[in-house]
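Given next are the chains, with one letter for each unit.
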Amino acid sequence: MTDMASLMEDRAATTDAANLRKPVDWDSADISRSIKKRYAAERRFKTYGLTAIMLALAALVMLGYSIISKGYSAFVQTYVQIEVTFDPAVIDPEGNRDPAVIGRANYDGLIKEALRARFPEVTSRSEKRKLYDIVSSGASYDLRERVLDTPSLIGQTRKVWLISGDDFDMLNKGYISADTNEASRRLDDDQIGWFQALQNGDAIEKRFHTRFFTNGDSREPELAGIWGAAVGSFYTLIVTLLLSFPIGVAAAIYLEEFAPKNRLTQIIEVNINNLAAVPSIVFGLLGLELYLNVMHLPRSAPVVGGLTLALMTLPTIIIAARAAIKAVPPSIRQAALGLGASPVQTVSHHVLPLAMPGILTGTIIGMAQALGETAPLLMIGMVAFIVDIPGSAMDAATVLPVQIYLWADSPERAFVEKTSAAIMVLLAFLILMNGLAVLLRKKFERKW
Amino acid sequence: MSLTFLLLAVALLCALSFVFGRQRAIALSGGRFSNLHSLPIHYGTYTALWCGLPALALLIVWYALQGPVTEALIINDLPVEITSDTGKLSLALNAISLIAADNGQHLNVAPEVVEAGNRLALLHTISNTALIVVLLCVALVGLGLSYRRIVADMRARNNVERIVRYLMIGCSAIAILSTVGIVFSLMFEALHFFSKVNPLEFLFGLEWSPQTAIRADQVASDGSFGMIPLFAGTLLITFIAMLVAVPVGLFSAIYMGEYASPTFRAWAKPALEILAGVPTVVYGFFAALTVAPFLRDTGSVLGLSVSSESALAAGLVMGVMIIPFVSSLSDDVMSQVPQSLRDGSYGLGATKSETIRHVIFPAALPGIVGAILLAVSRAIGETMIVVMAAGLAANLTANPLQAVTTVTVQIVTLLVGDQEFDSAKTLSAFALGLVLFLVTLGLNVFALKVVQKYREKYD
């Protein structure tokens, strides 16, 4: 049996050898067909790779296009010019120009009066109410500021530009079309007619929308701005940075330079790697339980947001800092130790300064992540509707990404463009931070 | 405000004690530093550390304990009919904190509560004043004691270095502490939840409708807490995301690593990485306002009924988000395959694609599997895209055109708005969080192990 098997093996080997010895005709039709096929497969494979990259880039372009095309119009705002009579009987009945009295006057009434004077044909109550929507409810504050600034206006009749209501803004920007069915749009034919009458009288203008950058949140899209959220983001990031940077760098130095290689260090190491991959919402749950339920810190405050995000950014910073410290060559340490420096001096005088650019790059990237983070902040109540600009890290506040989330949820058409514009601002900050990180790396990167 | 002030005060005292310590050392040296054990700067740091660290520790402990202690004091004084009912108690505590913050004029509450609110305000003032006094005392005592200990042959450098080393160990321990914190806080509330709802029902129940009555006068059913539909929804969306991310990510990595010219690589790689840097809330907006309507319209043209919150829209966008993650991880893995394997394959006459498919890919497979597992864990834990683009109703379906909900969506909906830490509804969010944490942790540990092992193989 065994003989038989070995015999067959021998015979197979000899026939194989015989085949191999037969010279190959490289120009034969078979071979060239096969080569053609293999080259075609090669080209196909390469095309798949290129297609994959192009698909990913196309998604990026689509994302950018959809945001910019939706959002660019939010940077301008429609204004309406109306002839307002600054009636002394309404503004300053006693005539002594007391700012307290002037400040309390009914400017809303003045604007409504002016609108009625502009469109005398509007008589019924419900029609009037529709007419008043042309001007935003925030316009009366503008008027008040103006009168407080120049009290000489009282008694005069002036043409003033007032901020328009959000629906008319949408109409002016072309998001509401007059051609669609009247029942399915937010403005009826009368309102569009009035608007066109104003437009024909050159009383409609688009202006740069500074309010968007200076206001806090509002229920009225035309009055809502991102400044409150930006300040909230700033406080949150400051708290995050102040906590996670020193702690992260200290931990990285210890783990890389001082820690004995034992079980405990190994556990810490595995732990940090895993923390970096824990879903961010779990950090939100931790923040809710630890900071709000146990420590009773104020809800919605940037301090709590910063504390939560600090725990989340810590692994990122530790990992980046360790990589930067590891990249400093051992010869530097040996030289310092050889000259009599203590280990702590070696690290603080030589290793750390050399690793700093790398550490800072990692920190900026971690901060950029923290700036874009939303989910954990939802858990600790930073979703509240907050109009006021926060004055300190203890005040209730919201942050840019959460503001985007809140606006994206709002039903008004005008909030779509506000959301996209807020996204553009957020992305601008992120690009700035990442650009800074790239610059740092380019400028200070050292190859040893 | 007061916190910033306190921190500034402590920082100022630290700076002062640094100067004092250094001056004293210089004075003791009599002009020759070689008479000292350490450099004057070490004596300065020594006093600064002893001044600042105890004060800082006190500050942290004080802020951590202030809330619970004042609350306990307030509850102690409230009448029994309020404290006996947890619902009433939390309402009263809310009112009290509003009154204490001077925002409660409009509230219509019992006089005891108003009085308690005023007492809380008083307690806060007392606590803040006491903190300032105690903190300054601690800082000054630390400064004085350490200052008095300075003598010429004191080993200041060794002392400072020992403190610095302990500080660094403490900082490393925070990483462990936060894991412990996560586990404990999730466990604590999840155990509360499981005392109200049977864990088996939670793990294997097929129905999820957490609407329970938060107040006694609300009409609501008892609620059912079966998490299977949530996990099915999560897995469906994750699966769709992987269908996008794995082929696109892998092929981009292959093209970048093996085919692309350096110039192409130089601009395409950062461009891909932008995809990873875009905040998830932006993807959520994109999914909800661009992709979902597009899919619905396309579906209606084709005669399909696509839900406006379809799993497909959320999954596709999540897939796009994960592409750079898959591609950079698998790029790492494939570039670690030794050059000799490539050279061997080319030497035998294989084309590039044959080398990749038959040599590099099989050699890198364990690492790629690890990368994909990491990507899966990220997709499972992703929150904002699904919160904005996926539905709220827990449908048990495998149809990607229908709306499904996910674990993270439910956590967010349960915890945004009314929270009631004695109702199963709010607590179930923590149970879901615990499951989410354990699942992602398991995936991560396993994936990191696989990647690590693979790395060792070729090192």
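Residues numbered from 1 in each chain as written. Chains lettered and ligands numbered in written order. Predicted model: local features only at pLDDT ≥ 70, side-chain atom pairs only at ≥ 80, totals over all residues.

## Overview of the overall build of chain A
Phase 1 of the analysis: Helix and strand counts for chain A stand at 19 helices and 3 strands.
Phase 2 of the analysis: Scaling as 2.2 N^0.38, a compact globule of 448 residues should have a C-alpha radius of gyration of about 22 Å, whereas chain A reaches 34 Å, well beyond that.
Phase 3 of the analysis: By its C-alpha atoms, chain A is 120 × 75 × 45 Å across when sized along the principal axes.
Phase 4 of the analysis: Here chain A holds 448 residues, and 41% of them are scored as buried.
Phase 5 of the analysis: At a minimum sequence separation of 6, the contacts of chain A that also span at least 24 residues come to 77%. (Helix = DSSP H or I, 4+ residues; strand = E, 2+ residues; numbered from the N terminus. Rg over C-alpha atoms; globule rule 2.2 N^0.38 Å. Buried ≥ 20, exposed ≤ 12 C-beta atoms within 10 Å, placed from the backbone. Contact = placed C-beta atoms within 7 Å.)

## Notes on the nonpolar core
Proteins that are soluble and globular tend to have nonpolar side chains buried together.
Phase 1 of the analysis: Counting 192 residues, the largest nonpolar core has A287(B), A314(B), V317(B), I385(B) and A389(B) as the members making the most contacts within it.
Phase 2 of the analysis: Examining the composition of this core, we find that 17 residues originate from one element, helix α8 (residues 228-259) of chain B, more than from any other.
Phase 3 of the analysis: Beyond its immediate chain neighbours, meaning those up to four positions away, A389(B) contacts G284(B), A287(B), A288(B), A292(B), E309(B), A313(B), A314(B) and V317(B).
Phase 4 of the analysis: By size, the runner-up hydrophobic cluster in this structure holds 28 residues, among which are I82(A), Y107(A), L115(A) and M170(A). (Core = buried A, V, L, I, M, F, W, Y, C linked by C-beta atoms within 7 Å.)

## Considering the sheet that holds strand β1 (residues 76-85) of chain A
Residue and element names in this part refer to chain A.
Phase 1 of the analysis: Taken in spatial order, the 3 strands of this open sheet run β2-β1-β3, and their pairing is antiparallel. With partners counted over all chains shown, the strands left at the sheet margins are β2 (157-163) and β3 (204-208), one partner each. The average undirected angle you get between the axes of adjacent strands in this sheet is 40°.
Phase 2 of the analysis: Direction of pairing for β1 relative to β2: antiparallel, over a ladder of 7 bridges. Residue pairing in the sheet places T85 in a bridge with T157 of β2. (Pairing = 2+ DSSP bridges. Axes fitted to C-alpha atoms, helices over the stretch in contact; angles between N-to-C directions.)

## Observations regarding the packing of helix α2 (residues 29-71) of chain A against helix α9 (residues 262-277) of chain B
In a packed pair of helices, the relevant descriptors are the angle between the two axes and the axis-to-axis distance.
Phase 1 of the analysis: Two elements in contact, α2(A) and α9(B), have axes separated by 10 Å at closest approach and are oriented at 50°. It follows from the interaxial angle that α2(A) and α9(B) lie oblique. Along this stretch, α2(A) crosses α9(B), giving a crossing that reads as left-handed. Judged by residue contacts, I53(A), A56(A), L57(A) and L60(A) of α2(A) engage A268(B), A271(B), L272(B), I274(B) and L275(B) from α9(B).
Phase 2 of the analysis: Its residues assigned to classes, the contact of α2(A) with α9(B) comprises 9 nonpolar, no polar and no charged. (Parallel < 35°, antiparallel > 145°, perpendicular 65-115°, else oblique. Left-handed = near helix turned anticlockwise from the far one by under 90°. Nonpolar A, V, L, I, M, F, W, Y, C, P; charged D, E, K, R; others polar.)

## Observations regarding unusual backbone geometry
All names here are of chain A.
Phase 1 of the analysis: A positive phi angle, close to 55°, is found at H296, a residue other than glycine.
Phase 2 of the analysis: Within the secondary structure, H296 is located in the loop between α13 (280-294) and α14 (302-326).
Phase 3 of the analysis: Taking the number of C-beta atoms within 10 Å as the measure of exposure, H296 has 19 and is therefore partly exposed.

## Observations concerning the interface of chain A and chain B
Phase 1 of the analysis: Residue-level contacts link 70 residues of chain A with 73 residues of chain B.
Phase 2 of the analysis: Ranked by residues supplied to the side of chain A that touches chain B, first place goes to α2(A) with 17 residues.
Phase 3 of the analysis: Each residue belonging to the side of chain A that touches chain B can be placed in one class, and the counts come to 52 nonpolar, 14 polar and 4 charged.

## Some words on helix α1 (residues 2-29) of chain B
All names here are of chain B.
Phase 1 of the analysis: Relative to the 40 Å expected for 28 residues at 1.5 Å per residue, α1 spans 40 Å between its end C-alpha atoms, a close match to the ideal helical length.
Phase 2 of the analysis: Inspection of α1 places L6, V10, L13, C14, S17, F18, F20, G21, R22 and A25 among the buried residues, and these make up the whole buried set.
Phase 3 of the analysis: Buried residues belonging to α1 abut α2 (40-77) and α5 (111-149).
Phase 4 of the analysis: Of the residues trailing α1, G30 is marked for its positive phi of about 60°. (Expected span 1.5 Å × (residues − 1).)

## Regarding the pairing of β1(A)
Phase 1 of the analysis: In terms of strand pairing, β1(A) meets β3(A) through 5 bridges, oriented antiparallel. Looking at the pairing, Y79(A) lines up with E205(A) of β3(A).

## Topic: helix α7 (residues 139-149) of chain A
All names here are of chain A.
Phase 1 of the analysis: Listed as buried for α7 are A139, L143 and V147. Each buried residue of α7 lies within a common arc of 75° when the element is viewed along its axis, so the set occupies one face. Across α7 from its buried face, at more than 90 degrees, point the exposed residues E145, L148 and D149.
Phase 2 of the analysis: Looking at the buried side of α7, the elements it contacts are α3 (88-91), α4 (99-104), α5 (107-118) and β2. (Arc of directions from axis to C-beta.)

## With respect to the domain arrangement of chain A
Interface size is commonly expressed as the accessible surface area that is lost when the partners come together.
Residue and element names in this part refer to chain A.
Phase 1 of the analysis: Domain boundaries in chain A define domain 1 (71-209) and domain 2 (227-444).
Phase 2 of the analysis: Look at where the C-alpha atoms of domain 1 and domain 2 centre, and you get two points 45 Å apart.
Phase 3 of the analysis: In this assembly, 8 residues from domain 1 lie in contact with 9 residues from domain 2.
Phase 4 of the analysis: Its residues placed into classes, the side of domain 1 that touches domain 2 shows 4 nonpolar, 2 polar and 2 charged. (Domains from an automatic or database assignment.)

## Remarks on the environment of D108(A)
Phase 1 of the analysis: Examined against the element boundaries, D108(A) turns out to sit in helix α5.
Phase 2 of the analysis: Taking the C-alpha atoms as reference points, D108(A) and D133(A), 25 residues apart in sequence, are found 12 Å from one another.

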